[in-house]
Amino acid sequence: MLKRKKFIVFTVFVLCMTLIISGCSKNNTAKEQQSTASQTASESSTAATSEVFQLGSEPLDLTFYGNYDWMTVDPWGIDPGTQWIKENMKVNITPIQSGGAAEQKFSTMVASDNYPNIMLLERGSNIEKLRQAGKLFALDDYLDKYPNLKKYAGEATLNMLRSPDGKLYQFPNWYTNKPTGNAGYAINTKIYKSLGSPKLETFDDLYDYLKLVKEKYPKVVPLEVDDKARGLEMMMSGFGVLPNNIYIRAFQDGNQMTDMFKNPVYKQFLTFGSKLFREKLITQDALTQTSDQVKEKLNSGRVAVFAGTDMVEYIRDARIKIRSVDPEADYQAIWPLHAEGVNRDQVFTSAYNTLGWNVNVITTSTKDPEKAFALMDWLTGPDGQRTLWWGPQGTYYDDTTADGAPIMNDKWNSTSEEEKNKQKLGTWDYWGNTGYVDPAKGAINNSMPEEKKDWMTTVLNDVVWKTSADITQFVNLTPDPTSEEGQVIQAVNDLYEQYFGKIIYAKSDAEVGNLLDDASQAASKVGYDKYLKFVTDKWQENVTKMKQ
Amino acid sequence: MKSKAVSLVTNNPIKKKSVWSQFVRQWDTQIMIIPGIICVFIFSYAPMYGVLMAFKNYDLFKGFSASPWVGIKQFETFFHAPEFSYVLRNTLCISMLKLLIGFPAPIILALMLNEVRFMAFKRIIQTVTYLPHFLSWVIVSGFVVSMLATDNGSLNMLLQEVHLIQEPINWLSVPSYFWTILISTNVWKDVGFASIVYLAAIAGIDPQLFEAASIDGAGRFRQIFVITIPSILPVIIIFMILAIGNILNAGFDDILLLARNPILRNVSDVIDTYVYRVGVMNSRYSYATAVGLFKSLISVALLTFANRLARRSGNSLW
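Note that the structure is predicted; figures quoted are calculated from it, not measured. Starting from 1, residues in each chain are numbered consecutively following that chain's sequence as written. Note on labels: chains are lettered from A, ligands numbered from 1, in written order. Owing to the predicted nature of the model, reporting of local features is limited to residues with pLDDT of at least 70; listing and counting of side-chain atom pairs is limited to 80 or more, with chain, interface and lining totals taken over all residues. The side-chain numbers reported here are obtained from all heavy atoms of the structure, hydrogens and water having been left aside.

1. What to know about the interface of chain B and chain A
At the junction of the two partners, chain B supplies 37 residues and chain A supplies 42 residues. Buried area between chain B and chain A, both sides added, is near 3,600 Å², and the carbon and sulfur share of it is 54%. When a carboxyl oxygen of Asp or Glu is within 4 Å of a side-chain nitrogen of Lys or Arg, the pair counts as a salt bridge. Applying the counting rule to chain B against chain A returns six salt bridges. Across the pair aspartate 494 of chain A and arginine 277 of chain B runs a salt bridge, and its minimum N-O distance is 2.4 Å. Think of a polar contact as two N or O atoms within 3.5 Å of one another; within protein, one of them needs to be a possible hydrogen donor and the other a possible acceptor, and neighboring residues in sequence only count if both atoms come from side chains. At the boundary of chain B and chain A, one finds 14 residue pairs in polar contact (both at pLDDT 80 or more). The numbering of helices and of strands both runs from the N terminus, where a helix is a DSSP run of H or I of at least 4 residues and a strand a run of E of at least 2. Mapped onto the side of chain B that touches chain A, the elements with two or more residues apiece are helix H3 (27-45), helix H8 (137-147), helix H14 (265-268) and helix H15 (271-280) of chain B. In terms of residue count, the dominant contributor to the side of chain B that touches chain A is H15 of chain B (three residues). Each residue is assigned to one of three groups, with Ala, Val, Leu, Ile, Met, Phe, Trp, Tyr, Cys and Pro labelled nonpolar, Asp, Glu, Lys and Arg labelled charged, and all others, Gly among them, labelled polar. Across the side of chain B that touches chain A, the residue classes break down as 19 nonpolar, 10 polar and eight charged. Any two residues having at least one pair of non-hydrogen atoms within 4.5 Å are treated as being in contact. By definition, the buried area sums, over both parts, the 1.4 Å-probe accessible area that each loses when the two are put together.

2. Examining the sheet that holds strand E2 (residues 91-96) of chain A
Residue and element names in this part refer to chain A. The pairing criterion for strands is at least two bridges between them, as found by DSSP. Strand order in the open sheet formed by five strands is E2-E1-E3-E12-E4, and the pairing between neighbours is mixed. One side of each edge strand has no neighbouring strand; the edge strands of this open sheet are E2 and strand E4 (171-173). Each strand axis lies, on average, 25° off the axis of its neighbour in the sheet, ignoring direction. Strand direction decides the pairing type here: strand E1 (residues 60-66) and strand E3 (residues 118-121), joined by three bridges, are parallel. When the bridges of E3 are listed, tyrosine 65 appears paired with methionine 119. The axes are straight lines fitted to the C-alpha atoms, using for helices just the contacting stretch, and the angles between their N-to-C directions are given from 0 to 180°.

3. Describing the packing of helix H19 (residues 484-504) of chain A against helix H20 (residues 509-525) of chain A
Residue and element names in this part refer to chain A. Put simply, H19 and H20 touch, their axes get as near as 10 Å, and they point 170° apart. Judged on the interaxial angle alone, H20 and H19 are roughly antiparallel. Taking contact as the criterion, the partners of Leu495, Tyr499, Lys502 and Ile503 in H19 are, on H20, Val512, Leu515, Leu516, Asp518, Ala519, Ala522 and Ala523. Any angle between 65 and 115 degrees counts as roughly perpendicular, while under 35 counts as roughly parallel, over 145 as roughly antiparallel, and the rest as oblique.

4. Considerations on the packing of aromatic side chains
Ring geometry is summarised as follows: Phe, Tyr and Trp rings, the Trp one being its six-membered ring, pair when their centres sit within 6.5 Å, and such pairs are stacked at plane angles under 30 degrees, edge-to-face over 60 and tilted between the two. Under the criterion given, the structure shown has 47 aromatic pairs over all chains. When the ring of phenylalanine 251 of chain A is compared with that of tyrosine 266 of chain A, the centres are 5.4 Å apart and the planes differ by 55°; the resulting orientation is tilted. You can see phenylalanine 251 of chain A sitting in strand E7 (residues 251-253) and its partner tyrosine 266 of chain A sitting in helix H10 (residues 264-278), a full 15 residues away along the chain. Using a 1.4 Å probe on the protein chains alone, a residue whose accessible area is under 20% of its type maximum counts as buried, one over 50% counts as exposed, and one in between counts as partly exposed. Judged by its relative accessible area of 1%, phenylalanine 251 of chain A is buried. Classification of tyrosine 266 of chain A by relative accessible area gives buried; the value is 1%. Seen in terms of ring centroids, phenylalanine 79 of chain B and phenylalanine 294 of chain B are 5.4 Å apart; in terms of plane orientation they differ by 75°. Their pairing is edge-to-face. Of this pair, phenylalanine 79 of chain B sits in helix H4 (residues 73-80) while phenylalanine 294 of chain B sits in helix H16 (residues 285-312); the two residues are 215 residues apart in sequence, bridging distant segments of the chain. The partly exposed category is assigned to phenylalanine 79 of chain B, whose relative accessible area is 37%.

5. Regarding the domain arrangement of chain B
Residue and element names in this part refer to chain B. Examined at the domain level, chain B breaks down into domain 1 (14-53) and domain 2 (56-312). Either an automatic procedure or a domain database provided the assignment from which the domain bounds are taken. Between the C-alpha centres of domain 1 and domain 2 the distance comes to 35 Å. Each partner contributes to the interface: domain 1 provides five residues, whereas domain 2 provides eight residues. Taken together, both faces of the contact between domain 1 and domain 2 bury some 610 Å²; the carbon and sulfur share is 78%. On the domain 1 side of the interface with domain 2, the three residues burying the most area are Val51, Leu52 and Met53, jointly 88% of the side's total. Applying the counting criterion to the domain 1 and domain 2 interface returns zero salt bridges.

6. What to know about the confidence of the model for chain B
All names here are of chain B. Mean pLDDT over chain B: 87, with 95% of residues reaching 70 or higher. Across residues 1-10, confidence stays below pLDDT 50; counting only partners more than four residues off in sequence or on other chains, it has three contacts. For this predicted complex, the interface score ipTM comes out at 0.75, while the overall pTM is 0.80. Confidence scores per residue from the predictor, reported as pLDDT, run from 0 to 100.

7. Looking at the nonpolar core
Membership of the largest hydrophobic core comes to 98 residues, with the highest contact counts inside it found for Met235 and Tyr266 of chain A. When residues of this core are assigned to their parent elements, the largest contribution, nine residues, is made by H19 of chain A. Of all hydrophobic cores here, the second largest spans 76 residues; its members include Leu168, Tyr396 and Trp412 of chain A together with Tyr285 of chain B. The nonpolar core is taken to be a set of buried Ala, Val, Leu, Ile, Met, Phe, Trp, Tyr and Cys residues, with the residues joined through side-chain atoms within 4.5 Å.

8. A word on the domain arrangement of chain A
Residue and element names in this part refer to chain A. Assigned domains of chain A: these are domain 1 (40-177 + 359-456) and domain 2 (184-348 + 477-548). Distance from the C-alpha centre of domain 1 to the C-alpha centre of domain 2: 33 Å. Note on domain 1 versus domain 2: buried area summed over both sides is about 850 Å², and carbon and sulfur give 68% of it. It is Met160, Trp455 and Met456 that lose the most area in domain 1 upon contact with domain 2, and together they represent 73% of the buried surface on that side. Our count for the contact surface shared by domain 1 and domain 2 stands at one salt bridge. Between lysine 129 and aspartate 480 there is a salt bridge, with its nearest N and O atoms 3.3 Å apart. Across the contact surface, domain 1 and domain 2 share one residue pair in polar contact (both at pLDDT 80 or more). At the level of elements, helix H4 (125-132), helix H5 (148-161) and helix H18 (455-464) are the ones that each hand at least two residues to the side of domain 1 that touches domain 2.

Structure follows, in structure tokens:
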């Protein structure tokens, strides 16, 4: 008996200790959270009164984190631009890496209440939660003191970035006032010429051409659509509907968002896609392959037509590879294809929004948020962007145009591409100002002799950016994953992925229709309507915001 | 077990002394054990309070204590989820198959290797079979995916060369092939390494037994069944129990990496991949914990059951 009693006492003791230890640690963080939150309010109110901070007047030490699995932030000072900033402006930034698991890293930061000074992440629920917890500094007080962001992003874009409390917490990256994008079609010109360069404008032309390729070059993939068949989704643009509708899992109809599985254009598009796949004109590995396998096929010249959302980057690399082996081989981008009866100027393979790609936030771990903002604002201005992309004045350029674009010198022209790649020019631009960088790159490219012109810049200017649509009204439609709508869209995403696969593998056109009906029923069972209402409301909210 | 321990204590003259004086008497031994106990406590027991998260609606920003209690709502959500039935079925079926095929495979390999008399050959086979164990699943799945590709995949090329098939088969998009691919990849990866322990057990058998058996006229096969297998049976049973305790661990990285095609989800989604995809990736930590806890409870029940059975053979874990 005594033994047993002692054992029970010991067990109870152990449990108590566990609870005490765990309880203590959590209480502490909660208190800290409160204190920092109140600190936030007081600091942001006093910020406006101080003097304008001159970069370089005192050392500035910051930490920077990019919330992406794939992102590895290079050391500060690795390229000529940041090296110059480090030496002349006494700025040092320490990168914090996601280690390939951004979601976990972010959770750890939240749970331990230990944030980097500047974070680069997607717009959306994470930022809103950080804001509600009082972990972010508002940037409004600095907008007029440091003019670049306001000047280049514009009031309308900044309004779209404002949080529900009316304040601005997000510093955009690659915000833009002109089209951007990367998606489109490319063809293997060697194969194309050998088959007599047939007309390639409509999907019917494409179908005939792919059949011809399959017959004459059995070892070649007629149509490569990238991993997860992302390029196939992009091809819906050819039916006159933005692929964006697929990504938000709802189709625009008037001012409502409606069931995608019931949309007639979507059905038409999938019927076409399924036919191409069934007749083995699309790579049969479309849904199983990795992007490395896709690149391998492109780099060895075994693809006749490529459709991809990152077409420009894939083809840029592939061209270098195949041309070094066979000088006659080449890829060339073509004007986006379209279905019969669709105007070729109404086909948009890419989409952009003026808010850009993602945003930087300044967290309350930053001692002096104004200094951090001053740095970001300088970096996003013409001087900062030019330094980040082409190094300090006197290396690759001695003078600038009236717009601030660099006028390249002989050293730029005589340095090989390989050498420039090694210097990692532009690697640290996380405050991208598209309205400055793209025209500047275009101007440099235009000043080059024909054979030295950069392929990528030419394709972007001549094709891709002309076929990119403005979708600013559709930003911020993703619900918080822990909310009810968030759980619905997660289930709908699962259904979408499964049914997309099943439909592509469908044995007949009739089966495509049946599968779409099944998908629609399954989606309504998991509460699709709630999500459709949510996106409709959010979208209409954006529309009214933009009219202001 | 317990009654034995009690009787030992009652016969012991130091019974009346306090726990403390017993401790002091054995201080040298105890000091060696204490760090281990502390480690187990800190790393295995202390984090266990986290399972309470399954009964809360955990909000990362509010912290653990401030998140509201929701009772068994998370469990209900899981039981009513459309995925529940096939996730549970896949978990049980895939782990059963891994047990039925993956468990005997290394034993058979060990028995076969033991019969090889040409040492150099035996060593080469052993090395070749256990090397894949050291490759990560990322690399192995890379091999498998490119081997099974329709475009330049070696398996399709081979089958076409020998005219077994006309058109390449898209192996990794046909749901009915997936379990076979998964199980055989698993066996290939781990059979060599797992056989080491059985080879060691076989090496420990007294050679006189074999000599005696052969004098009595037992052939090679007979020797395997009457000497080798009975001698390594305790090892087999212990590993069997451990394997049953692991039965709901149907695998994670292998499935995640091989079942890239969402069309396979009906046959590939197991509890762990489901927790990762739906819970962790969407920051639904409470839900993830509830599903994980459900899995652990079943595992504990299965382990206890397996141990009961094994106790009859006298080789139980506890």
